[in-house]
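# Fold and contact review
If you want the building blocks of each chain, they are given just below.
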There are 4 protein chains.
Amino acid sequence: DDPLVIGNISFRSRLWIGTGKYPSFEMTRKVILESGADVVTVAVRRVNILRKDEPNLLDYLPPSEFKILPNTAGCYTVEEALRYARLARESGISPLVKLEVIGDPKTLYPDVTGLVEAARILVSEGSIVFPYTSDDPVIAKKLVDVGCVAVMPLAAPIGSGLGIRNPASLRIIMETVSVPVIVDAGVGCASDAAIAMEMGVDGILMNTAVAEAKNPLLMARAMKNAVSAGRDSFLAGRMPRRLYASASSPLDGMLGS
Amino acid sequence: DDPLVIGNISFRSRLWIGTGKYPSFEMTRKVILESGADVVTVAVRRVNILRKDEPNLLDYLPPSEFKILPNTAGCYTVEEALRYARLARESGISPLVKLEVIGDPKTLYPDVTGLVEAARILVSEGSIVFPYTSDDPVIAKKLVDVGCVAVMPLAAPIGSGLGIRNPASLRIIMETVSVPVIVDAGVGCASDAAIAMEMGVDGILMNTAVAEAKNPLLMARAMKNAVSAGRDSFLAGRMPRRLYASASSPLDGMLGS
Amino acid sequence: DDPLVIGNISFRSRLWIGTGKYPSFEMTRKVILESGADVVTVAVRRVNILRKDEPNLLDYLPPSEFKILPNTAGCYTVEEALRYARLARESGISPLVKLEVIGDPKTLYPDVTGLVEAARILVSEGSIVFPYTSDDPVIAKKLVDVGCVAVMPLAAPIGSGLGIRNPASLRIIMETVSVPVIVDAGVGCASDAAIAMEMGVDGILMNTAVAEAKNPLLMARAMKNAVSAGRDSFLAGRMPRRLYASASSPLDGMLGS
Amino acid sequence: DDPLVIGNISFRSRLWIGTGKYPSFEMTRKVILESGADVVTVAVRRVNILRKDEPNLLDYLPPSEFKILPNTAGCYTVEEALRYARLARESGISPLVKLEVIGDPKTLYPDVTGLVEAARILVSEGSIVFPYTSDDPVIAKKLVDVGCVAVMPLAAPIGSGLGIRNPASLRIIMETVSVPVIVDAGVGCASDAAIAMEMGVDGILMNTAVAEAKNPLLMARAMKNAVSAGRDSFLAGRMPRRLYASASSPLDGMLGS
C-alpha cells in the first residue's frame, strides 16, 4: 500500500484530473470515474461551483465523493488570484486551492513572482496552497518557504501535450524541496505519465490529455494504469542500462541525448 | 475487448514474458502470474522442458495454463537453431517457436541471414515461427515472405534495458508488414513498455526488465499495467502536440529531436 | 555577412567565452584567441580586473582587443549583485554587465525575482544589462520590460554540460521577446552549440565546456566552428524531416520524443 | 593533423558528398567546392560518368581534383549491383565503389543479404568496396569479413533528414569492426553531422541535407564546419555530464532518454 499523503490528507489516487473542455457535466463525471481520480480541480472563475441557482458541477462531482481542488485559472494578477481563491475558500467547498497566477495569455506560463506573493498571503489566511509553477527549483524553494504544502511544476506548457520536457529540472526540484511534487500540465499521453511517475514525482494533474483524446473515457483508463505502472516501476527499482547485456561498464548519459 | 490474435490463436495478454534469470521455478511462476502473461518463452537449450526425470519448468508453468513459446536462445548457427526448434516441436509441447539465430555472443544481436533461412525451413516443416530479428524492415518483409506469422524486432540489445532506441524503424516495419509486430528485447522499465504499445506494436516480450528489477514481482505488475495503458492510449488517440495551447500550427519534428 | 548587433554594439563572433577554471592568464588568453570570441566575461568578485597592483586579467585580455563583459557570479542577493556591477561600471572597463543573482549555491540557478529587481535598478543607472536567467518566458519578458538589451537563458545548469535541455522553452522565449537571445550555461560539447544556434538563438556564452575539456585549445576551435556551422545551418534552411524519402506526409513530433 | 586514411588512400576531408538533386552540373560543382569534400559519389545508373558523347559530370568534377566514388544506387538485385559496379571499375574511373543493393523502393533500405554477397564477389574481383548498410553490427562484421575496407551504416533512411536515430547501434558497430565507419544517409542538418562525428565515426556521406536545403551553398559550408567541429570535439574530449556543477555523482543514462 502506497498512499499519497499531503499534510493530513490521504489521497486514493496519484492521478488528479481537471474538468475543462468536456461537453457536459455528465461526461466530466464519467471520465473522472473511469480515471479513478479522487482529486478534481475546477476553475472557479469559469465553472460554476458557487451558485446554487445554476447548473453546478458539484451536483455531479460532490465533495462527499471527490476532493474538490478549486483553482484560479484565468487570473493574471495577484489580486485576481486572491479574489477567486478566497471566494472558493469562504464558500466552504474546500480549504485547498490550486493557485495559478498566469503570466502570459499565449502560453499560460505562470508569473512566478506574483505566484510566490499570492501564495504567502493565502497561506497566512489559512488556505492549503498547491501552486502551479514553472520548473525553476529556486522558485519551488520559495513556495515551500512561504508555506505551500506541495509544488506543482509544469512538465510542459498547459495544453501542449509535449510530455516531460525537462526531466533534469524535475529531478533538481525533487532534490531541493521535501514536500510532494505533483506534475501539473504538459502530459499528452499515457507514456508521458508513466515517465513522470517513474522519475519519482508524487502525482500528476492533467486535463487536456484526457479531454482532447479522441476517446476520453479510454484515455482516462489508460492514464489510471499509466500512473500506477509508473509508480510501481519507480518503487520496484529498474534494471541498470547497458549498451548490451555483457557490456563491461554502465552507460553514461551519452546515449539518449 | 481487444484481444491479440495471431493465426488462429487468441492471446489474453499483450505482455509476453521470459523465464531466464530467476532463482527458482517457484519464483518464475509467481512473477509470471503477477504479470498477467499467458505467453511464456523458454530457452530449450538452457531450461529443461523436455526431460521428465529432472526438475521441469513445465511442472510450474503447465501448457494447460500458459502458452509455452519454446525459443532457440544460445543457438549461433542455422543447424543449432533448427535442432532445438525441432526438439521442442516434436516433444508435442507447442507448435510455436521463437526462433533465435544469434550472430554475436557479445551483443546477442541476431544473424538475420541465418534467421531467414532457418525460418523458411521451420515453416515448411509446420512450425509456427516467431522470429527474433533486428529492426530492419527489409528483413522483416523477408521473414513474412517465408511464412512467419509475426515479427519480433528488438527495441534495443537483449539485456540492455535501453528502451525503444529507434521508433522510426519500428514504425517503418509496421508500415511494411501486415503481420503482428511484437517488440522483443530492450525494454527496461514500465514507461518503455508504454511507449512501445502507444506506437501501435501488437505486443511486447521481455525478461531482464522484470527479472533484474530490484523487486521483480512489483515490476511484473508495473509491466502489466504499462502494456495495458500503452495499448489503451494508442486506441484512445492522443491529443495533438503543440508548442503551447494556443499555438497556431501543430509541431513538426523539431522539438523532441 | 551576418554580424550580431545588440544596441549599437556590433560583435565579431556569436561565441562568447568565460574565463573561469584556467590554470593561468596565459592559458586563458590562448584558448580565447583560438575560440575567435570577442566577448569575454569575467567574474568581478573572483578575478581581478580592478586592481592595478596585482596580476590583472586585463593585461592578457585588454579591452582594446576584446569586449570585456564583467559578471556578478557569486552574488546571492540584489545588493551584492548591484555592488559588483557598479564597481565594474565605475571602473570604466565597460558599461556592459552580465547580471547574475544566484538563488542556490548547489545548482547556481538564478533567483529570477531578485534578477528582475537588480536589472531594473542597473538599467536606470545606465548599465547595459545582459541578465543570466532561467528559461521562463514570462521572466524573459519582464527583463526586457525593465530595459535589458538581451536575455541570457540557461540551456542547462551552470557547469552541467547537459546541453539544450528544453528547446521548447527557448523557442517560446524567442517568440516572446524581440531582443537577442544568448544561451548562457549548459552547453557541454560542440554539437550542443550547433543545436542551439540551429534553433535560431543569437549567440552562446560558455565556460566549462571549453575549460574542462581534456584539450581546451582543441575544444575552443571545435566551438568556434560549431557556432558557425549552427548559424549557417539555421540561415540555410534545413530540409524537411520525413520518415523516409518517399513518405507521403511530413513527420509530426512523434519521432524524437 | 588528422587525416582519414582507408587502405592506402588518404582523404583531405571527412565529409563526403553526393551529387543527386542539383539543377545543373555547374551547381553541383559549386556546392561541392564549398563543402571542402574531396570524395564525391555518383550514381552510375543515373548520372553519366561513362559516355563521352553526352554532358558528363566528370567534366565538372574531374578525377584529378576529386576522388570519384561510383555508387550502385537504384540497383535492387545482386546482379544489377554487380553490373554497374563493374561498369564503373572497368571504365578506369576508380577502383572504389559504394555498393548499394536496395531492398525496398519505398524506404531505400539496404538488402543486407544481397549486399554481403555482392560485396564478396566485387572484393574478389579487385574492387575496393564501401558498402551502404543498415546499422546491424552482425552484418557490419560480415562485410568486413568478406573484405570491405570500411562500412557505411545509415543513420536514418536515405532522404529522411532524421539525424542519428540510433547512436547505440553506431557505437556497437564501432566496437565490433576495426575498419573505418562512415555514416551514410539520414543526416538532415549541421548538428546531426556534429553529433555523428562527436561519437567518433570516421566520416559522413550526405546528399539530400545539402541539396534540399533552401540555400545549398550555405548548408555546404555549414556541413564542412560541423564535421570539423564534431571531429575536434571528439578528439578534444568533452567535459563530464552532471546534473549540476556540484553534483556528487556523474549522470547515468536517465536524463536524455
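Refer to the structure above for everything that follows.
Our subject in this report is the structure included herewith. Predicted model, so just to flag it, every value in this text is computed and none were measured.

## Focus: the interface of chain B and chain A
- Contacts between chain B and chain A engage 50 residues on the former and 50 residues on the latter.
- Taking both partners together, chain B and chain A bury about 3800 Å²; carbon and sulfur atoms supply 57% of that area.
- Taken as a group, Asp232, Met239 and Tyr244 of chain B account for 15% of the area that chain B buries against chain A, more than any other trio of residues on that side.
- Across the chain B-chain A interface, the total number found is four salt bridges.
- The partner of Arg242 of chain A in a salt bridge is Glu212 of chain B, and the shortest N-O contact between them spans 2.6 Å.
- Taken together, the links from chain B to chain A amount to 25 residue pairs in polar contact (both at pLDDT 80 or more).
- Put simply, the parts of the chain that give the side of chain B that touches chain A at least two residues each are helix H6 (190-199), helix H7 (208-211) and helix H8 (216-236) of chain B.
- Of all the elements, H8 of chain B adds the most residues to the side of chain B that touches chain A, at twelve residues.
- Split into classes, the residues belonging to the side of chain B that touches chain A amount to 25 nonpolar, 14 polar and eleven charged.

## Topic: the relation of the copies chain B and chain D
- The two copies are related by a screw operation: chain B maps onto chain D through 180° of rotation and 0.0 Å of translation along the axis, at an RMSD of 0.0 Å. Taken together, the rotation angle and the small translation identify this as a two-fold axis.
- A shared binding surface is used by both copies, with 100% of the interface residues of chain B retained as interface residues in chain D.

## Things to note about the pairing of strand E10 (residues 203-206) of chain C
Residues and elements named next belong to chain C.
- Of the two faces of E10, the one carrying Gly203 and Leu205 and the one carrying Ile204 and Met206 are both buried.
- Pairing of strand E3 (residues 15-18) with E10 involves three bridges; the strand directions are parallel. Counted as the bridge partner of Ile17 is Met206 from E10.
- Strand direction decides the pairing type here: strand E9 (residues 182-184) and E10, joined by three bridges, are parallel. Of the residues in E10, the one forming a bridge with Val183 is Ile204.
- This β-α-β element, E9 to helix H7 (residues 190-199) to E10, shows right-handed connectivity.

## A short note on the environment of Pro70 of chain A
Residues and elements named next belong to chain A.
- Assignment of secondary structure puts Pro70 in strand E5 (residues 67-71).
- Taking the C-alpha atoms as reference, Pro70 lies 4.9 Å from Val42; in sequence the two are 28 residues apart.
- Ignoring anything within four residues of it in the chain, the contact list for Pro70 reads Thr41, Val42, Val44, Ala88, Ser94, Leu96, Val97 and Lys98.

## Here's the deal with the relation of the copies chain B and chain A
- Turning chain B through 180° and shifting it by 0.0 Å along the axis lays it on chain A, with an RMSD of 0.0 Å.
- Both copies share a contact surface, since 100% of the interface residues of chain B are interface residues in chain A too.

## Details of helix H4 (residues 137-145) of chain D
- The set of residues buried in H4 of chain D consists of Pro137, Val138, Ile139, Ala140 and Leu143 of chain D.
- Buried-residue contacts for H4 of chain D involve helix H3 (112-124) of chain B together with helix H3 (112-124), strand E7 (128-133) and helix H5 (167-176) of chain D.
- Between a side-chain oxygen at the N-terminus of H4 of chain D and the backbone nitrogen of Val138 of chain D the separation is 2.8 Å; the capping residue is Asp136 of chain D.
- Gly147 of chain D lies just past H4 of chain D and shows a positive phi near 110°.

## Concerning the packing of aromatic side chains
- Using the criterion set out here, one finds twelve aromatic pairs over all chains in the structure.
- Pairwise contacts between aromatic rings join Phe11, Trp16 and Phe130 of chain A into one cluster.

## Examining the interface of chain B and chain D
- Counting residues at the interface gives 26 residues for chain B and 26 residues for chain D.
- Interface area, chain B with chain D, both sides summed: about 1900 Å², of which 57% is carbon and sulfur.
- The largest share of the area that chain B buries against chain D comes from Tyr109, Val138 and Arg165 of chain B, three residues that together contribute 26% of it.
- At the boundary of chain B with chain D, the tally comes to four salt bridges.
- Between Glu175 of chain B and Lys106 of chain D there is a salt bridge, with its nearest N and O atoms 3.2 Å apart.
- Put simply, chain B and chain D have four residue pairs in polar contact (both at pLDDT 80 or more) between them.
- Tallying contributions element by element places helix H5 (residues 167-176) of chain B first for the side of chain B that touches chain D, with five residues.
- A breakdown of the residues in the side of chain B that touches chain D according to their chemical character gives ten nonpolar, eight polar and eight charged.

## Here we look at the pattern of salt bridges
- One pass over the structure, following the stated rule, counts 72 salt bridges over all chains.
- Across the salt bridge formed by Asp111 of chain C and Lys142 of chain A, the nearest N and O atoms sit 3.1 Å from each other. Of this pair, Asp111 of chain C sits in the loop between strand E6 (96-99) and helix H4 (112-124) while Lys142 of chain A sits in helix H4 (residues 137-145), placing the two residues on different chains.
- For the salt bridge of Asp2 of chain D with Arg14 of chain D, the shortest nitrogen-to-oxygen distance reads 3.2 Å. In this pair, Asp2 of chain D sits in the segment before strand E1 (4-6) while Arg14 of chain D sits in the loop between strand E2 (9-11) and strand E3 (15-18), placing the two residues twelve residues apart along the sequence.
- When salt bridges with common partners are traced through the structure, they connect Arg86, Arg89, Glu90 and Glu125 of chain A into a single cluster.

## With respect to the packing of helix H3 (residues 112-124) of chain A against H4 of chain A
Residue and element names in this part refer to chain A.
- Two elements in contact, H3 and H4, have axes separated by 9 Å at closest approach and are oriented at 15°. Of the possible angle classes, the one that applies to H3 and H4 is roughly parallel. Relative to H4, H3 is oriented so that their crossing is right-handed. Here H3 contributes Val112, Leu115, Val116 and Ala119 to the contact with H4, which in turn contributes Ile139, Lys142 and Leu143.
- For the contact of H3 with H4, a count of residues per class yields six nonpolar, no polar and one charged.

## Looking at the packing of helix H2 (residues 78-90) of chain B against H3 of chain B
All names here are of chain B.
- Relative to each other, H2 and H3 sit at 35°, their axes nearing to 10 Å. Crossing handedness for the pair H2 and H3: right-handed. Note on element contacts: H3 touches H2 through Gly114, Glu117, Ala118, Ile121 and Leu122, opposite Val78, Leu82, Ala85, Arg86 and Arg89.
- The class makeup of the residues in the contact of H2 with H3 is six nonpolar, one polar and three charged.

## Regarding the side chain of Thr208 of chain B
- Counting through the fold element by element, Thr208 of chain B comes out in helix H7.
- The exposure class assigned to Thr208 of chain B is buried, which follows from its relative accessible area of 8%.
- There is a polar contact of 3.1 Å between the side chain of Thr208 of chain B and the side chain of Lys21 of chain B.
- Not counting the four nearest positions on each side in its chain, Thr208 of chain B is found in contact with Met239 and Arg242 of chain A together with Lys21, Gly159 and Ala213 of chain B.

Calculation criteria
Residues numbered from 1 in each chain as written. Chains lettered and ligands numbered in written order. Predicted model: local features only at pLDDT ≥ 70, side-chain atom pairs only at ≥ 80, totals over all residues. Heavy atoms only, no water. Contact = heavy atoms within 4.5 Å. Buried area = accessible area lost by both parts, 1.4 Å probe. Salt bridge = Lys/Arg side-chain N within 4 Å of Asp/Glu carboxyl O. Polar contact = N/O pair within 3.5 Å; in protein donor to acceptor, adjacent residues only side chain to side chain. Helix = DSSP H or I, 4+ residues; strand = E, 2+ residues; numbered from the N terminus. Nonpolar A, V, L, I, M, F, W, Y, C, P; charged D, E, K, R; others polar. Least-squares fit on C-alpha atoms with pLDDT ≥ 70 in both. Buried < 20%, exposed > 50% of the residue type's maximum accessible area, 1.4 Å probe, protein only. Pairing = 2+ DSSP bridges. Right-handed = clockwise from strand over helix to strand, strands pointing away. Phe/Tyr/Trp six-rings, centres within 6.5 Å; stacked < 30°, edge-to-face > 60°. Axes fitted to C-alpha atoms, helices over the stretch in contact; angles between N-to-C directions. Parallel < 35°, antiparallel > 145°, perpendicular 65-115°, else oblique. Left-handed = near helix turned anticlockwise from the far one by under 90°.

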